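Residues per chain, in single letters:
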Amino acid sequence: MSHTATGADPALPPPGDDHAFFGQPRGLMTLSGLEVWERFSFLGMQAILVLFFADQVSDGGLGMDPGTAASVSAAYGTLVYLVSVAGGWLADRILGSYRAVLYGGILIACGHYAMAVPTATMTWVGLGLISAGTGLLKPNVASMVGKLYGTEDDRRDAGFALYYMGINIGAFAGPLVTGWLGEHASWHWGFSAAAFGMTLGLVQYVAGRRHLAGRKHAAEYALAPGPMRRAVLTIVAGTVVVALVATALALAGRLTMDRFVDVLTLVSVIAPAVYFAVMFRSPRVTAEERGRLRPYVVLFLASVVFNFILFQAYSTMILLASTNARAEIFGFHFPASWYASALGAFEVALAPVVAAVWARMGPRQPHASNKIAIGVILGGLSFLLMVLPTSGHADGTYKMAAWWIVGSYLLLGLGDILLETSGMSATTKLAPRAFASQTMALWFLSLALANGIQAQIVKLYGEVSNPAYFGVNGAIAVAAGVAVIAAAPWLKRTMHPVH
């Protein structure tokens, strides 16, 4: 029975909501709609961000070389996912999920509006606001979807499937709009479209709040008033101090962009290492749970390898498409950033196919670790594919057919479906009970680490040949996937209850 089955509690949706959206709770439409517009704005902006960084100052860009542009773009992704860890804690202890998502959305919209102002300073202010806002919003929307269902409600998986479809619709539509505006008007008009999209998402979120479970509750595990005041003061004071110190160091020339990127990479490495160390040593973790953590470390690292490739769909792959791919299919010309939409389109189209295949196979379907391994291998193959059209050219003036990039994104999209769904499921099942509420934080740390590593490796883009860059990175990913398959017998024994 869904949480929406009773209207006695004013914090619960009306009874009629329970099957109002394709047999799902009405609140699912509100939350899916919010994610459509959040992904529209986030990925729409990200599809043109690296091009904006690399474009000449005279054409409205920031004039970075391609490797630096990709590195800074990856560092931004690192910051987003690191902040997401704190965002989950703030919702649990201080704000509550509804307010965390609302405040996060407001910060995101303000960040995009700031980036619409054509100055470098407002660009960095905007990216900071978007990072903070996404960190509040992203980890908490999914938990709000879960609150729409009771623990025994068998509609939960179908509801999450609709929710993730909304995510991919936004991922498909965002680059189409921002990319066209970025190329035909200016980069800042593209950022304005992202701001408008997030504003629409906020409007429908607030308008549909009566359909959300737990919207009037305080934080689920709220701190006592005294500790809460101290926590808020500490957070505010810490934020102000960090901002002042960073500003002072930047003005003194000590905090350069390269050093800032290096610091984020270092934090992205240290954070998951500390997280795992705490879980392995915690007296609240049983010996059996500790045994399940060991295989999860393998899956965590597999996620890092795959997402290292995946996130480059919005950096090095976009840069390659803008310089060495024909932006034309069947005589239709399009902006290079539109290639990013292919990823969302493939995931929308392939997700139900993959789900149907697993359902048809039933107990004969591959073990979760093998699904993850296949996803990693597909990610590596998406890069190895790019070795073919980039090889054998005397200079960098060649233009490959659009289908090479599209084919690479097809492999990447299928790999993402296989890895993300199985990885998230394994995370929730393998995490120790004492850390169950922090499983999303653990998953976000894998994404932060992938971006942190990417921020360093992409500096080589443009410094080495394209066949070497894509070939070596792709081969490493394929080797990592094969290693996970080789470890399958051990993983199957130690990953119970994951099948």
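Structure: above.
All values derive from a computational prediction rather than experimental measurement. (Residues numbered from 1 in each chain as written. Predicted model: local features only at pLDDT ≥ 70, side-chain atom pairs only at ≥ 80, totals over all residues. Heavy atoms only, no water.)

### Quick word on the nonpolar core
Then comes step 1: In terms of nonpolar packing, the biggest core is built from 92 residues, with Met45, Tyr339, Ile405 and Tyr409 touching the most fellow members.
Then comes step 2: The contacts of Tyr339, once residues within four sequence positions are left out, are Ala321, Ala325, Arg326, Ala327, Phe334, Ala402, Ile405, Val406 and Tyr409.
Then comes step 3: Among the nonpolar cores identified, the runner-up in size contains 22 residues, and Leu31, Leu34, Leu137 and Ile167 belong to it. (Core = buried A, V, L, I, M, F, W, Y, C linked by side-chain atoms within 4.5 Å. Buried < 20%, exposed > 50% of the residue type's maximum accessible area, 1.4 Å probe, protein only. Contact = heavy atoms within 4.5 Å.)

### A word on the environment of Val297
Then comes step 1: Looking at the element boundaries, Val297 is found in helix H9 (residues 287-310).
Then comes step 2: Residue classification places Val297 among the partly exposed positions, given a relative accessible area of 24%.
Then comes step 3: Linking Val297 and Gly344, residues 47 residues apart in sequence, is a C-alpha distance of 28 Å.
Then comes step 4: Residues in contact with Val297, not counting those within four places in the same chain, are Phe276 and Phe280. (Helix = DSSP H or I, 4+ residues; strand = E, 2+ residues; numbered from the N terminus.)

### Brief notes about the packing of helix H1 (residues 26-54) against helix H6 (residues 187-207)
Then comes step 1: In contact at an axis separation of 8 Å, H1 and H6 are set at 170 degrees when each is read in the N-to-C sense. Comparing their axes, H6 and H1 come out roughly antiparallel. Handedness of the crossing formed by H1 with H6: left-handed.
Then comes step 2: The residue inventory of the contact of H1 with H6, partitioned by class, reads 17 nonpolar, eight polar and one charged. (Axes fitted to C-alpha atoms, helices over the stretch in contact; angles between N-to-C directions. Parallel < 35°, antiparallel > 145°, perpendicular 65-115°, else oblique. Left-handed = near helix turned anticlockwise from the far one by under 90°. Nonpolar A, V, L, I, M, F, W, Y, C, P; charged D, E, K, R; others polar.)

### What to know about the pattern of salt bridges
Then comes step 1: Taken as a whole and judged by the stated rule, the model has four salt bridges.
Then comes step 2: Across the pair Glu38 and Arg39 runs a salt bridge whose closest N-O atoms are separated by 2.7 Å. Neither Glu38 nor Arg39 differs from the other in exposure class; each is buried. (Salt bridge = Lys/Arg side-chain N within 4 Å of Asp/Glu carboxyl O.)

### Digging into the layout of surface pockets
Then comes step 1: In this structure, the second largest pocket spans a volume of roughly 310 Å³.
Then comes step 2: Lining of the second largest pocket is provided by 22 residues; of these, Leu319, Thr323, Asn324, Tyr461 and Asn466 occupy positions nearest its centre.
Then comes step 3: If you list the elements that add at least two residues to the lining of the second largest pocket, you get H1, helix H10 (316-324) and helix H16 (466-486).
Then comes step 4: In terms of residue count, H10 provides more of the lining of the second largest pocket than any other element does, four residues in total.
Then comes step 5: Within the lining of the second largest pocket, the residues separate by chemical class into nine nonpolar, 11 polar and two charged. (1 Å grid on protein atoms, 1.4 Å probe; cavity = no way out; pocket = protein on both sides within 12 Å on 5 of 7 lines; lining within 4 Å. Points joined across faces, edges and corners; volume = space filled by probe spheres on them.)

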